[in-house]
Amino acid sequence: MSELQSGEKISLLNGGYVTIKKELGRGGQGIVYLVDLNGQPKALKWYHNMPDRNFYNNLANNVMNGAPSPAFLWPERITERQKDSFGYVMALRPNNYFEFGNYLLAKKSFKSFQAMMAAAMKICNGFMMLHRFGYSYQDLNDGNFFIDPDTGDVMICDNDNVMPQGEKSGIMGKARYMAPEIVAGGIPDKYSDRFSLSVILFMLFYANHPFEGAKVVACPCMTEAFEKKFYGSEAVFIYDPNDKSNLPVRGIHQNVIRRWPVMPAELRETFIREFNPEMLKNPQKRMIEQNWEKLIASLRDRLVICPHCGEETFIDESKPQCMNCKRDVDVSRTLKLGMRTLLLTNGTRLFIDFDNTPDARVVANPQDPGMLLLQNFSKEKWTAETPSGKLKEVEPNGLMPVKHGIKISFSAVYKGEININNQ
Amino acid sequence: MSLLDETVSVPRRTMTLFFVIDTSGSMAGSKIGAVNDAVVNVLPMLDEISVTNPDAEIKVAALEFSTGCSWLYNEPKLASEFVWQDVQASGLTSLGAACEELENKLSRSKGFMQSASGSFAPAIILLSDGAPTDNFEAGLDKLKCNNWFKSAIKVAIAIGDDADKDVLSRFTGTNEAVFTVHNIDALKQIIRVVAVTSSQIGSKSSTAGETTKQDQVINEVQNAIDNIDGAEVATKVDSSSYTDDWD
Amino acid sequence: MKCFDFHCQGESHKATDKVCQDFSYSHIDEDGLAIAIVCDGHGGKRYFRSDVGARFATEIIANNVKEFVNNIDETLLVGQPFTQQAAIQTEIARQDFRKERPVDKAFRQLFASIIGQWQQRIERHAAENPLNEKENAQVEEQYRKEFLSGYKLEKIYGCTLMAYVSTPKYWFAFHLGDGKMISFDKEAQWKEPVLWDDRCFLNKTTSICDSEALNEFRYTYQGDGEFPIAVFLGSDGMDDSFGEEANLVNFYVKVAKSLVTDGFDATFTDIKETLPVLSKRGSQDDMSVACVYDEARLEEALPKFILWQIAVTKADILAVNRKIEDAKDRRRRLEAMGGHAEKEQIELRYAQSDIARGYAEKQQLVKKMDILLKEYYGDAFVPYQDEVGIAEKERVLDWKMIEGSSNGIRLVLVWVEKE
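Rules used throughout
Residues numbered from 1 in each chain as written. Chains lettered and ligands numbered in written order. Predicted model: local features only at pLDDT ≥ 70, side-chain atom pairs only at ≥ 80, totals over all residues. Heavy atoms only, no water. Helix = DSSP H or I, 4+ residues; strand = E, 2+ residues; numbered from the N terminus. Rg over C-alpha atoms; globule rule 2.2 N^0.38 Å. Buried < 20%, exposed > 50% of the residue type's maximum accessible area, 1.4 Å probe, protein only. Core = buried A, V, L, I, M, F, W, Y, C linked by side-chain atoms within 4.5 Å. Domains from an automatic or database assignment. Contact = heavy atoms within 4.5 Å. Buried area = accessible area lost by both parts, 1.4 Å probe. Salt bridge = Lys/Arg side-chain N within 4 Å of Asp/Glu carboxyl O. Polar contact = N/O pair within 3.5 Å; in protein donor to acceptor, adjacent residues only side chain to side chain. Pairing = 2+ DSSP bridges. Axes fitted to C-alpha atoms, helices over the stretch in contact; angles between N-to-C directions. Patch = residues over 30% accessible without salt bridge, like charges linked within 9 Å, V, L, I, M, F, W, Y side chains within 5 Å. Areas by Shrake-Rupley, 256 points an atom, 1.4 Å probe, with all protein chains shown as cover. Nonpolar A, V, L, I, M, F, W, Y, C, P; charged D, E, K, R; others polar. Phe/Tyr/Trp six-rings, centres within 6.5 Å; stacked < 30°, edge-to-face > 60°. Lys NZ or Arg CZ within 6 Å of the ring centre and 35° of its normal. Left-handed = near helix turned anticlockwise from the far one by under 90°. pLDDT = per-residue confidence, 0-100.

1. Regarding the overall build of chain C
Along chain C, the regular secondary structure elements total 11 helices and 13 strands. Taken against the 2.2 N^0.38 rule, which gives 22 Å for 419 residues, the C-alpha radius of gyration of chain C at 27 Å runs more than 25% over that of a compact globule. Taking the principal axes of its C-alpha atoms as reference, chain C extends roughly 95 × 55 × 45 Å. Out of the 419 residues in chain C, the part that is buried amounts to 53%.

Structure below.
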């Protein structure tokens, strides 16, 4: 086990060095130091023990290939092998990001559902990009994710265990996040990652683990054998409609008990499908990242500001009611965008594309509060075609009325039409 | 038995009754006279409750507020020993300052309270005939964070129609704990009823489950008030319903 | 290691024919695993089966702790320094973003298993035991309805819980709700090993029946070789009987000393007799105590316990002395003013009674002090004495010379202490 001293210089592969400033924290694998790289503050993860040659080479490769998406706090440089160990350099994590575990314990919570949806979107996108690069994620746990509670922006850390698919890093992830076939001894691949993604998303939305219910709390001490059973061979989804043996328990799984009934039905149906015994056994059938993205986008399209209480609420079109104040919400005004339907209520922000930043906002006309306007939040100029066929331009920050039949080109790809139901 | 000898002390539990009395200029004359008279007369009754009560003894403290505020004595005294000194009325209505001072003393380290084990929640009776002239909000906000205040029985007596019942409701947390009196005789009677009821209920071990002691006091005082001419419960139409929403 | 526990019905419960809602447990097995548990079922009409809830909680804790200790990876605890973890509250209340370590996860699993099994157990009990005659007669309609609806059944059985567990290699303790746990180290110094939760105040307490129960567990562990020499768990009926915590601690010190000097049996008998009396004189509430102690080390610490009591009593005496002196000062000042105004008269009477009360208290304390001094020094002890004394010296009116500024020397009549 080697530790580094403040002021020490550590040489990097392909030239240069970092200077150790101070320790930031330590874990089972190594110590993270604040270091200086050419005048820039960076983080250095330094391993307690020299991992093997494969691990080193893999990491060096990952550094060369670069991060799959901005969500990853990716290794930027790797050190030479020295002092019986080595490490890698990455960007510092800004301090407004909190570990996912804190959200699960409700020590930290999202500022809004919008932020929660943004986090879900970013995680999906990260996984998708990871797989496009041909990697799979091997050491997934709630300590890997850091989330900004205000914006929902996500940083995925500890990317040293990312491996090309089909290879095994030797560092096993936590059973809680592993697909049952991996708990049983399989090699992680994109299918098992998809399982992990659905677990992470479930936990993000409901702040509880999808398999942790009555069965898991029957045991006072989580032994390895027990873990293998409950996350692997005998895993039962807590809301499995055909198996009520693992329901969440009052006083313990309070988050999911509270949120399960109020979050949108579509989400419930998706998780019931993804975690059913059939799907657990057939990795190839698991939902792909793109479909998760679509689902999250469609949830977000129905996330509106309640005109009565001013709180955010998901709207179920069959019963348009606010989750908080239970009053009816007027959903007659919508924006049709291909297959999607975005609800237009005062104060709601619209996400036209998948970049996680709002592109438009619905506001009330100051002169006539009953009339809604659409404000262009994007950097692009929109083109609108009125029902009578006139073409109008809406500059960034510009306003246009929410009026039946107006067609809007938000960009070359995204074109929509305003629909008012009672007209 | 040897475990309970001279070296082990088992003190009686205590409940402290606070009078918080408006002594601003508008109280001058018969109102303040009635207050003085009523409190002097109720003290022996409190002593009797204290002496005959196996659960706890009752202590009394009094804070008067006008342009500033001051305690009659710098510690709560047993009801039997509390000597009432007639208060005089003059000056403004610094209820905000009174809230802050009350907050100061509702603590163990620098104040009037003892260890929470061995204590019952205090009872606080606020009497006023006007509206605060200082920063009441700031004072009350601080007071509302105080654990003793949160669990206290809080009752207010509004003297006449000039009393700001909204302010009093916010002090007690509910308009149902604000009782209005319209004549001197009613004032005297209500002080007696409120002080006696709060002390009786406040100094008993609670076994009543979901009904708070404050609610019990409110119920009993409401029953008694029907027999007092010129006294009434604040009606529910006032604006305090919105304050409840914000709790 | 030895242990005992006892619980009894409170004085006020006798009057109203209510069963004892406390439950206690203590056990030491052949492997050196020692457990002490106290659970206190809530009073109040809604919680009409809290005695059953407290008993179930106790049994489940005892079983689950054993299983936990048998299965846990010992390295998680061995070597750990004294570590206290508070209840988890939302970000508004606390800015605690500690990383959950494997040992914390292990405890969380244990606590979850306790709540989960308790919940199952009370649900089964409710299903198998419909409202009985007494309950039908005594329980208010709204709570009977609540029971019949099966919604929030846990409230009806609600209780607090605390436990102390020691093994040869480590110890841990956990607590949910009120009541007090006191531990003593080899220097006879006491502390509350588990952090307090400020939400427990007066008659409010956190509870196993809360919706956030899992987050309300507070716990402490230590595996670096340091062990308390005695730990006492007492329900809130105990601490409410003593008021200030020092009084409660003093009682446990008495028990600890008695265990050494009078032996286990005599002390336990004494406890069984004392607790009901204490309830009568103090809180009126149910009382329970559970204790685990190390005989040999307790015996070693005996003199230190007495010294602690002497020090505390000394501090109390000094505090009373200050009160007496202060009241005397006030009296002197008021007498000098002539004491004619009504307010001065009142203040003077207060000063007088404060002096009298101070001396009465002083006498008790000095008596206590002498008992303790004798215990420590044996028959050759020197009785306690100080300049304030234990009674006020008789005072007489006497003429005193006062040097005036203009009219020379003047004689005035004042009270002076008789020499």
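2. With respect to the nonpolar core
All names here are of chain A. Counting residues in hydrophobic clusters, the biggest one holds 69 residues, and the most contacted among them are F205 and F271. Inspection of this core shows a minimum of three residues originating in each of domain 1 (9-90) and domain 2 (98-293). With sequence-adjacent residues up to four places away left out, F271 is seen in contact with S198, L201, F202, F205, Y206, F237, W260 and W292.

3. A closer look at the domain arrangement of chain C
Taken domain by domain, chain C comprises domain 1 (2-293) and domain 2 (310-390). Using C-alpha coordinates to define each centre, domain 1 of chain C is positioned 40 Å away from domain 2 of chain C.

4. Remarks on the side chain of Q80 of chain C
Residues and elements named next belong to chain C. Its location among the elements puts Q80 in the loop between α2 (50-71) and β4 (83-85). A residue is classified by how much of its surface remains accessible, and Q80, at 15% relative accessible area, is buried. Excluding residues within four positions of it along the chain, Q80 makes contact with R101, Y221, Q222, G223 and D224.

5. Considerations on the interface of chain C and chain B
By a frequent convention, interface size equals the accessible area lost on bringing the separate parts together. Between chain C and chain B, the contact holds 45 residues from the first and 40 residues from the second. For the pairing of chain C and chain B, the buried interface totals around 3700 Å² over both sides, and the portion due to carbon and sulfur atoms is 53%. Ranking the residues of chain C by area buried against chain B places F201, L202 and Y350 of chain C at the top, with a combined share of 18%. At the boundary of chain C with chain B, the tally comes to 4 salt bridges. For the pair chain C and chain B, the interface holds 14 residue pairs in polar contact (both at pLDDT 80 or more).

6. A short note on the sheet that holds strand β7 (residues 180-184) of chain C
In sheet architecture, strand pairing relies on hydrogen bonds along the backbone and comes in two forms, parallel and antiparallel. All names here are of chain C. What the 5 strands build is an open sheet, ordered β1-β11-β10-β7-β8; its pairing is antiparallel. Two strands bound the open sheet, and with one partner strand each, they are β1 (2-8) and β8 (190-191). Examined bridge by bridge, β7 and strand β10 (residues 230-234) share 5 bridges and lie antiparallel to one another. Note that in β10 the partner of I182 across the bridge is F232. Contacts from helix α8 (residues 245-261) reach β1, β7, β8, β10 and β11 (287-293), with the element oriented near 50° to β7. Along the sheet, helix α10 (residues 295-336) makes contact with β1, β7, β8, β10 and β11, crossing β11 at roughly 115°.

7. Overview of a nonpolar patch on the surface
All names here are of chain C. Taken together, L397, W399, M401, I409, L411, L413 and W415 make up a surface patch of nonpolar side chains, about 810 Å² in accessible area. Counting residues per element, the ones that place at least two in the nonpolar patch are β12 (395-403) and β13 (409-417). If you trace the backbone, M401 turns up in strand β12.

8. Here's the deal with the environment of P358 of chain A
Residues and elements named next belong to chain A. Tracing the sequence through the fold places P358 in the loop between β16 (349-350) and β17 (360-364). Relative accessible area serves as the criterion here: at 22%, P358 is assigned to the partly exposed category. When the C-alpha positions of P358 and R176 are compared, they lie 34 Å apart, and in sequence the two are 182 residues distant. When neighbours within four sequence positions are excluded, P358 is seen to be in contact with Q114, R349, L350, F351 and F377.

9. A few points about the interface of chain A and chain C
Every contact between the two is made by 24 residues of chain A and, on the other side, 36 residues of chain C. Together, the buried faces of chain A and chain C total about 2400 Å²; carbon and sulfur atoms form 51% of this surface. The largest per-residue losses of area from chain A upon contact with chain C belong to K107, P220 and R250 of chain A, which jointly make up 33% of the total buried on that side. Counting across the chain A and chain C interface gives 12 residue pairs in polar contact (both at pLDDT 80 or more). The leading source of residues in the side of chain A that touches chain C is helix α6 (residues 214-217) of chain A, at 3 residues. Across the side of chain A that touches chain C, the residue classes break down as 13 nonpolar, 5 polar and 6 charged.

10. Quick notes on the pattern of salt bridges
Applying the stated criterion across every chain, the model contains 52 salt bridges over all chains. We note a salt bridge from E101 of chain B to K105 of chain B, for which the minimum N-O separation is 3.5 Å. Here E101 of chain B pairs with K105 of chain B, and both are found in helix α2 (residues 95-105), just 4 residues apart, close to one helical turn. The same class applies to E101 of chain B and to K105 of chain B, which are both buried. Here R49 of chain C makes a salt bridge to E135 of chain C, at a shortest N to O gap of 2.7 Å. Residue R49 of chain C is found in the loop between β3 (34-41) and α2, and its partner E135 of chain C is found in helix α4 (residues 133-138); the two are separated by 86 residues along the sequence. In this pair, the class of R49 of chain C matches that of E135 of chain C, namely buried. It is possible to trace a salt-bridge network through shared partners that takes in E81 of chain B together with D326, R330, D354 and R357 of chain C.

11. Details of the sheet that holds strand β21 (residues 399-401) of chain A
Strands sit in the order β16-β17-β18-β21 (chain A) across an open sheet of 4 strands; the sheet is antiparallel. The sheet terminates laterally at β16 and β21 of chain A, the two strands that pair on one side only.

12. Digging into unusual backbone geometry
Residues and elements named next belong to chain A. Although it is not a glycine, N397 sits at a positive phi angle of roughly 75°. Locating N397 in the fold gives a position in the loop between β20 (391-394) and β21. With relative accessibility at 55%, the residue N397 sits in the exposed group.

13. Topic: the environment of N95 of chain A
Here N95 of chain A is to be found in the loop between β6 (87-90) and β7 (98-99). Residues N95 of chain A and D148 of chain A lie 53 residues apart in sequence; the distance between their C-alpha atoms is 8.9 Å.

14. Quick word on the packing of aromatic side chains
As enumerated under the stated definition, the model contains 63 aromatic pairs over all chains in all. Ring centres of F237 of chain A and W260 of chain A lie 6.0 Å apart, and the angle between their planes is 70°; on these two criteria the pair is classed as edge-to-face. Linking F237 of chain A in the loop between α7 (224-233) and α8 (254-259) with W260 of chain A in the loop between α8 and α9 (265-274), this pair joins segments that are 23 residues apart in sequence. For F237 of chain A, a relative accessible area of 1% corresponds to the buried category. By relative accessible area, which is 9% here, W260 of chain A ends up buried. Consider the rings of F174 of chain C and F217 of chain C, whose centres lie 5.9 Å apart with planes at 55°: the pair is tilted. Taken together, the residues F174 of chain C in strand β6 (residues 171-176) and F217 of chain C in the loop between β8 and β9 (218-222) connect sequence positions 43 residues apart. Among the residues examined, F174 of chain C registers a relative accessible area of 0% and is labelled buried. The class for F217 of chain C is buried, based on a relative accessible area of 2%. Seen from the ring of F351 of chain A, R300 of chain A lies directly overhead, with NZ or CZ sitting 3.8 Å from the centre. The positively charged end of K77 of chain B is found above the aromatic ring belonging to Y73 of chain B, 5.4 Å away from the centroid.

15. Comments concerning the packing of helix α5 (residues 190-206) of chain A against α9 of chain A
Residues and elements named next belong to chain A. With their axes 11 Å apart at the nearest point, α5 and α9 run at an angle of 145° to one another. Considering how the two elements wind past one another, α5 and α9 form a crossing that is left-handed. In contact with S198, L201, F202, F205 and Y206 of α5, α9 contributes L267, R268 and F271. Residue classes in the contact of α5 with α9 are distributed as 6 nonpolar, 1 polar and 1 charged.

16. Regarding the confidence of the model for chain B
Residues and elements named next belong to chain B. On average, chain B scores 86 in pLDDT, and the residues at 70 or more come to 92%. Across chain B, the secondary-structure element scoring lowest on mean pLDDT is helix α8 (residues 240-245), at 26, and the one scoring highest is α2, at 96. This model gives residues 235-247 a pLDDT under 50, and the stretch forms 14 contacts once residues within four places in sequence are excluded.

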